[in-house]
Amino acid sequence: MPSEIRSIPRPLVRTNQWVILLSVATALLTGQIWILVIPLTAGLLGLLFNFNPVMRLAKLFLKKKPSDYIPEDHSQQQFNQVIAVVCLGLGLISFLLGWTVSGYIFTVMVGLASFIAILGFCIGCFILYQWKQYSYRRSLR
């Protein structure tokens, strides 16, 4: 029995990327660091309960069936979301502890990754691909 390939319509992924980017930019520009809780909470809910409220809301605005859009691999997006949640979490914790430099580093990293993904290059995908290549080469030894 073949396993079902899970995918996410690209517009939903893009919406999530925009929410991350705009939240990070707004938080850093205004100094209202609590704004980072928005994408962090959405990401955690997506990872833990498979319910990302940003994507769920965006899904209401799709004009076609979800299967009619370019699909994004669900497992790849989960990997990317783990990276985003870790960076957002570490950034928020750093700001709360007064570690401003590390707070900026983590949040700018995730914001920049979101922006680059919106432009068409997925850094998380590249990292996962390199990891799989490394694991494969190690298995040959």
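Residues numbered from 1 in each chain as written. Predicted model: local features only at pLDDT ≥ 70, side-chain atom pairs only at ≥ 80, totals over all residues. Heavy atoms only, no water.

Draft legend 1. Molecular detail of unusual backbone geometry. Backbone geometry places N50, a non-glycine residue, at a positive phi of 55°. In this fold, N50 is placed in the loop between α2 (37–49) and α3 (53–59). (Helix = DSSP H or I, 4+ residues; strand = E, 2+ residues; numbered from the N terminus.)

Draft legend 2. Here's a closer look at the environment of V85. You can see V85 is positioned in helix α4 (residues 74–96). With 81 residues separating them in the primary sequence, V85 and E4 have C-alpha atoms 26 Å apart. When neighbours within four sequence positions are excluded, V85 is seen to be in contact with L40, G43, L44 and L47. (Contact = heavy atoms within 4.5 Å.)

Draft legend 3. How the structure looks around the pattern of salt bridges. Enumeration over the complete set of coordinates arrives at one salt bridge. Across the pair R10 and E72 runs a salt bridge whose closest N-O atoms are separated by 2.7 Å. Residue R10 is found in helix α1 (residues 10–30), and its partner E72 is found in strand β2 (residues 71–73); the two are separated by 62 residues along the sequence. Overall, the relative accessible area of 30% leaves R10 in the partly exposed class. Looking at E72, the relative accessible area reads 16%, which means it is buried. (Salt bridge = Lys/Arg side-chain N within 4 Å of Asp/Glu carboxyl O. Buried < 20%, exposed > 50% of the residue type's maximum accessible area, 1.4 Å probe, protein only.)

Draft legend 4. Spotlight on the packing of α1 against helix α5 (residues 100–119). Direction vectors running N to C along α1 and α5 enclose 145°, while the axes themselves pass 9 Å from each other. Between α1 and α5 the crossing geometry is left-handed. From α1, R14, Q17, W18, I20, L21, V24 and L28 reach across to α5, where they touch Y104, T107, V108, V110, G111, S114, F115, A117 and I118. Among the residues making up the contact of α1 with α5, the classes are represented as 11 nonpolar, four polar and one charged. (Axes fitted to C-alpha atoms, helices over the stretch in contact; angles between N-to-C directions. Left-handed = near helix turned anticlockwise from the far one by under 90°. Nonpolar A, V, L, I, M, F, W, Y, C, P; charged D, E, K, R; others polar.)

Draft legend 5. Examining the packing of α1 against α4 more closely. It is the contact of α1 with α4, at a shortest axis distance of 13 Å, that shows an interaxial angle of 10°. With respect to their mutual orientation, α1 and α4 come out roughly parallel. Handedness of the crossing formed by α1 with α4: left-handed. Contacts between α1 and α4 pair V13, N16, I20, V24 and L28 from the former with Q77, Q81, A84, L88 and F95 from the latter. Counted by class, the contact of α1 with α4 contains seven nonpolar, three polar and no charged residues. (Parallel < 35°, antiparallel > 145°, perpendicular 65-115°, else oblique.)

Draft legend 6. Just the state of the cysteines, in detail. Using the criterion set out here, one finds one disulfide in the structure. Across a sulfur-sulfur distance of 2.4 Å, C122 and C125 are joined as a disulfide pair. Linking C122 and C125, the disulfide has an S-S dihedral of approximately 75° and is accordingly described as right-handed. Given a relative accessible area of 24%, C125 falls into the partly exposed group. (Disulfide = S-S within 2.5 Å.)

Draft legend 7. Local environment of the side chain of T107. Among the secondary structure elements, T107 is positioned in helix α5. Non-local contacts of T107, meaning those with residues more than four positions away in its chain, are made with V24, L28, L36, G91 and F95.

Draft legend 8. Representation of the nonpolar core in the model. V24, L36, L88 and V110 are the most contacted members of the largest nonpolar core, which has 15 residues in total. Among the elements that make up this core, the one with the highest residue count is α4 (six residues). Counting seven residues, the second-largest nonpolar core is a separate cluster that includes L12, A58, L62 and Y69. (Core = buried A, V, L, I, M, F, W, Y, C linked by side-chain atoms within 4.5 Å.)

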